[in-house]
Every structure is written in C-alpha cells, then in structure tokens.
Amino acid sequence: MKEPLEPQEPRLVSVPGIDTTVSHSARIWDYWLGGKENYAVDRELGDQIAGVLPDIVEQARADRLFLRRVVRFLVEQGVRQFLDIGTGLPTVDNTHEVAQRIRPDARIVYVDNDPLVLTHARALLSSTPEGATAYLDADMREPDMIIDEAEETLDLSQPVAVTMLGVVWHLTDDQDAHQVIDGLMRRLVSGSYLAIAHPTIEVTGQKMVRAIEQWNQFGKPPGVHRTPQQIESLFQGLELVAPGVVSCTRWKPEATPFGEPAETDQFCGVARKP
C-alpha cells in the first residue's frame, strides 16, 4: 500500500449532499489512485481493504489503464461518441482526454450520481472546440432517462460506446444488471460498443471475498463479485471482442519485453452490438 495521504480534508466538505461520515466508492478509488478528493472515512476503509487485499491499489490502476486502452481501441474502430457511466472523480486521462487526443471531434457524456463527482463535473466538461462533453447527474438504474438526456449531446443515429468500469458490481442482483445493460444497449444502433470492468475472485480468492465483505459492511454502495462466465453473460446479444473476458491487465496490453502481465481480480470485456 502506498503511503497514506496527508490527513487533510478536501476543500469541499460543505457541499450539500456529501456525507463525510460514510465512505463512498468514488472517493475510495480516488484515494487508491493517489487523489486528494477523499475524506478520512474513505482513507480508513481504503487502508482496511488494502490490509486484507494488498494488491487492491494495483487493481485500481489496472482498471484505469484499461480505460485508456479501451478508449483508444474504440476510437480506432471508428467510434466518436462515448457514454461513460460511473465516471468517478476526475484524474489523469479521463475518457474525453484520451478520445479527443486522437479524434478532436469526439463527443462524451459522463454519468454519475455522487455529489462530489457532480461538484467536479466542471473539470470533466473541458473539450476541444470540435468535440463536446457533458455531465449527467443520474443513477445507472434509470437507463432510459440516461439515454434521453444523453441525446442532447450524442447523435443516437451513430454508434456510441458505453463504458461501465467498476460500477456494474454495484448492481448486486443479476436480473437488475441485465435489465440496466439491456435498457442502455437496446436504444443504441448497430456498431455501438459496451465495455465492462468488474471484480472477480479468480486470482486472490478468499482475500477478495473478505475485502468485498468489508466494503459492504462499512462502505456504500454495496457490491458483489462475479465469475468470468457471469460477466460474459452481461454481454448477451452482443459480439465479444477478442480476447474476451479476461483480467484487465491482459486485455490488449501494451507490448513489453517482460512477457504477459500478471493477472488481477479486475476482469473486463468489450463487445459490439451487431
């Protein structure tokens, strides 16, 4: 685990709607990624989980690096529009930065329902003159509302890439997860994509089980691990892109002279709507 951040509260403690007594997913991930927009309660639970699962920081970083690679890949496939659900707190190489670096005309809509993320939305709304970015304060459990509002920025007659990295695990009921994903993808045209990153227990086993139990006891929203087969089932009706559902570290990794990277318990997949 990296050295803890200085015990200094963020400047945003007075923002309405932010409960500084309860840890929250976006802020804990911000802490693991080395950010500063987190509270003592987030750092405490983040360190507790790291004590049970020492490689959680590497998992968080692997998820972020997967975002960078998958956005590049999707732009290379001709996608110019992104719906980033479960945005989290802004950090380096956000979706719009990666996409617009390659295609300045890319259009991105971010979706989250954390008041702290909403406060930082202005940092996500920067854009190239040719492109556009927008932010929706919405719950992923309302896919029709998300698509309706996203249509103000995105052209739904053209393909859209939906990214749901580290958020589907908060849909703890399988039927709910399928309904949310189906609700999003049925509104999008052929050639659209879906990318998911999701925790498993394939690599660290009971360490991850205990870490999730600890998360659910002290943090919010609750989450659940799924097997690679269960994650693959979330792409039902879509065409999985090679290499399928794998550890985030092994989804089209950057070439190195050191062989295949080690697996982590963040697994991912990308699929195309036929």
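All of these numbers come straight from a predicted model, not from anything done at the bench.

1. Description of the side chain of Arg69
Its location among the elements puts Arg69 in helix α3 (residues 56-76). The contact partners of Arg69, leaving out residues within four places of it in the chain, are Cys248, Thr249, Trp251, Lys252, Pro253 and Glu254.

2. Digging into α3
Over its 21 residues, α3 extends 30 Å from the first C-alpha to the last, a length consistent with the 30 Å expected when each residue adds 1.5 Å. Counted residue by residue, α3 has 15 buried out of 21 residues, so it is predominantly covered. Backbone geometry just downstream of α3 places Gly78 in the positive-phi region, at approximately 100 degrees.

3. Remarks on the nonpolar core
If you look at the biggest cluster of nonpolar residues, it comprises 35 residues, and the most contacted ones within it are Phe66, Leu74, Phe82, Trp251 and Val270. Mapped onto this core, the elements with two or more residues apiece are α3, α4 (95-102), β3 (107-112), α5 (115-119), α6 (121-124), β5 (161-165), β6 (193-199) and β10 (266-272). It is α3 that contributes the most residues to this core, eight residues altogether. Those residues in contact with Phe82 that lie beyond four places of it in its chain are Val71, Leu74, Val75, Thr95, Ala99, Arg107, Ile108, Val109, Leu154, Val160 and Ala161. One finds Leu156, Leu194, Leu238 and Val245 within the second-largest nonpolar core, a separate group that totals 34 residues.

Procedures and definitions
- Here the residue numbers are simple positions, counted from 1 along each chain's written sequence.
- In keeping with the model being predicted, local features are shown solely for residues with a pLDDT of at least 70 and side-chain atom pairs are shown and tallied solely at 80 or more, while totals for entire chains, interfaces and linings include all residues.
- Excluded from the side-chain calculation are hydrogens and water; included are all heavy atoms of the structure.
- Each helix is a run of DSSP H or I of at least 4 residues and each strand a run of E of at least 2, with the numbering of both proceeding from the N terminus.
- In what follows, residue pairs with any heavy atoms lying within 4.5 Å of each other are defined as contacts.
- What a helix should span is 1.5 Å times the count of its residues minus one.
- Burial classification: accessible surface area is computed with a 1.4 Å probe over protein chains only, and a residue below 20% of its type maximum counts as buried, one above 50% as exposed, and the rest as partly exposed.
- By nonpolar core is meant a set of buried Ala, Val, Leu, Ile, Met, Phe, Trp, Tyr and Cys residues that side-chain atoms within 4.5 Å join together.

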